[in-house]
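Listed here are the chains, written in short residue letters.
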Amino acid sequence: MFRSFFLNRRWFAWSILGTILILAATWYRVQLDVQINEWFGTFYDLVQNALSKPGSITLDSYWQQLSTFLSIAMIYVTVAVVLDFFIKHYIFRWRQAMNDYYMEHWKKLRTIEGAAQRVQEDTMRFASIMEGLGVDLMRSLMTLAAFVPILWVLSDKITGLPVIGAIPHSLVWVSIGWAVFGTVLLAVTGILLPGLQFQNQRREAAYRKELVYGEDDPARAEKPVVAVLFQEVRRNYFRLFFHYLYFDVVKWSYLQVSVLVPLIAIGPTVAAGVITLGVMQQISRAFDKVTESFQYLVYSWSTIVELISVYKRLRAFEARIHEPDAAPPDDGLVPLNP
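Residues take numbers from 1 onward in each chain, read along the sequence in its written order. Side-chain atom pairs in this predicted model are given and counted only at pLDDT of 80 or more, local residue features only at pLDDT of at least 70, and totals for whole chains, interfaces and linings cover all residues. Each side-chain value is worked out from all heavy atoms of the structure, with water and hydrogens disregarded.

## Focus on empty space enclosed by the protein
Operational definition: We place a 1 Å grid over just the protein atoms. Points where a 1.4 Å probe fits but has no way out form a cavity, open points with protein on both sides within 12 Å along at least 5 of 7 lines form a pocket, and any residue with an atom within 4 Å of a point lines it. Grid points are joined across faces, edges and corners, and a volume is the space filled by probe spheres set on the points. Classification used: nonpolar for Ala, Val, Leu, Ile, Met, Phe, Trp, Tyr, Cys and Pro, charged for Asp, Glu, Lys and Arg, polar for all others including Gly.
Taken as a whole and assessed by the stated rule, the structure comprises 1 cavity of 30 Å³ or more. Of the voids in this model, the largest cavity is the one considered here, and its volume is about 40 Å³. Taken together, M1, R3, S4, Y101 and E318 make up the full set of residues lining the largest cavity. Among the residues making up the lining of the largest cavity, the classes are represented as 2 nonpolar, 1 polar and 2 charged.

## Description of the layout of surface pockets
If you add up the space inside the largest pocket, you get close to 350 Å³. Looking at the lining of the largest pocket residue by residue, the class counts come to 4 nonpolar, 5 polar and 6 charged.

## With respect to the packing of helix 2 (residues 12-52) against helix 11 (residues 277-294)
Note the threshold: Axes here mean lines fitted to C-alpha atoms, for a helix over just the part in contact, with angles spanning 0 to 180 degrees between N-to-C directions. Counting from the N terminus, the helices are the DSSP runs of H or I reaching at least four residues and the strands are the DSSP runs of E reaching at least two. Geometric relationships in this document are graded by angle, where less than 35 degrees denotes roughly parallel, more than 145 denotes roughly antiparallel, 65 to 115 denotes roughly perpendicular, and other angles denote oblique. Left-handed describes a crossing in which the near helix is turned anticlockwise from the far one by less than a right angle; the clockwise case is right-handed. Any pair of residues with heavy atoms lying within 4.5 Å of one another is described as a contacting pair.
Following both chains from N to C, one finds helix 2 and helix 11 inclined at 155°, their axes separated by 6 Å at the closest point. The orientation of helix 2 relative to helix 11 falls into the category roughly antiparallel. Our pair here, helix 2 against helix 11, has a crossing hand that is right-handed. Residues D33, I36, N37, E38, F40, G41, Y44, D45 and Q48 of helix 2 form the contact with helix 11, whose own contacting residues are L277, G278, V279, Q281, Q282, R285, A286 and K289. Partitioned by chemical class, the residues of the contact of helix 2 with helix 11 number 6 nonpolar, 6 polar and 5 charged.

## Some remarks on unusual backbone geometry
For residues other than glycine, phi is negative in most cases, and the peptide bonds are mostly trans. Put simply, the test is: Only protein chains enter the accessibility calculation, which uses a 1.4 Å probe. A residue is then buried if its area is under 20% of the maximum for its type, exposed if over 50%, and partly exposed in between.
Unusually for a residue other than glycine, H169 sits at a positive phi of about 55°. Topologically, H169 is positioned in the loop between helix 5 (115-154) and helix 6 (170-189). Residue class for H169 comes out buried when judged on its relative accessible area of 17%.

## Quick look at the packing of helix 8 (residues 223-258) against helix 12 (residues 296-322)
Where helix 8 contacts helix 12, the two axes come as close as 10 Å, and the packing angle between them is 155°. In terms of their interaxial angle, helix 8 and helix 12 are classed as roughly antiparallel. Of the residues in helix 12, those in contact with Y244, F247, K251, Y254 and L255 of helix 8 are V298, Y299, W301, S302 and V305. Looking at the contact of helix 8 with helix 12 residue by residue, the class counts come to 8 nonpolar, 1 polar and 1 charged.

## Some remarks on the environment of T123
Mapping T123 onto the fold places it in helix 5. T123 sits 69 residues away from P54 along the chain, and the two C-alpha atoms are 62 Å apart. For T123, the residues in contact, after removing those within four places along its chain, are R95, M98, Y102 and R118.

## Considering the nonpolar core
Worth spelling out the cut-off: Note on terminology: a nonpolar core comprises buried Ala, Val, Leu, Ile, Met, Phe, Trp, Tyr and Cys residues joined through side-chain atoms within 4.5 Å.
One finds W94, Y102, F126, L171 and I283 to be the most contacted residues of the largest nonpolar core, which totals 65 residues. In terms of residue count, helix 5 provides more of this core than any other element does, 15 residues in total. Beyond its immediate stretch of four places on either side in the chain, L171 contacts L151, S155, I158, A265, I266, I283 and F287. Core analysis: the second largest hydrophobic core is formed by 8 residues, I36, W39, F43 and V79 among them.

## With respect to the environment of L59
Along the polypeptide, L59 turns up in helix 3 (residues 59-104). Sequence separation between L59 and Y246 is 187 residues; the distance between their C-alpha atoms is 52 Å.

In structure tokens, the structure reads:
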């Protein structure tokens, strides 16, 4: 999955240079986010002055602020579109590298049930999931690198937290604490999901295998056999749906409460009237950026569960390349009948 792309000279320009380009462009995109955050502070301070002291600003200065935002936003849109376009090509090259590697060993792999699915579907799903998870992880880390120092400085304006009182750089610690709490909460709540997802793929593989045999052998895929296999698929799906039900209740409840956390944290400071509307906006946006980055696992848990399932199947698939005489592992990848 990784060696075929990152350690292959053929793909050096895409795997190494392409990765460097993606990192650089993503960092620039985060810096644009920082500029937008600073703009919010300036703009809302301008609005506060205009509303509290009529005639204190000119209409030209108001239009100038909107023009500044538009110029930053247009650059952001251009970078985002071009970067996403390049990443899609990058990820497809990765899939192509995996496909070429598996096809080089096709004579060994063709005897494994579902070999065609592994090469076609699982490599496609692996590439697709890595596109989402990998890019989001990279953006989260870079966002943290850019916004934690900002939130660290802005926290000095906070007079104290409710109940707890004054703590140096309090908002950073609140953000980290809340994100860690959510990550642990969802990890515990969703602990059964990876195993159920993996079992789900095994049930699907067994059902599909019988149907494929039935295409060539009229004695296979008879109604009673297919009914039993589909019942196993149905049972596992319903178990998966049930576990996702309470997992989603916890996940979305946590995310909705997250909206209130920064507002609660700055409550005493707002009541004391020691910060401006612009600073409040900067604090709120910086807090959200930092917290969302720390909550990477919270937002991505369902996708990570799917990736774990795909990864397990491809690892078992690759193990047969290096150990062709070994007994098949208990993973649903079984040799075809001669």
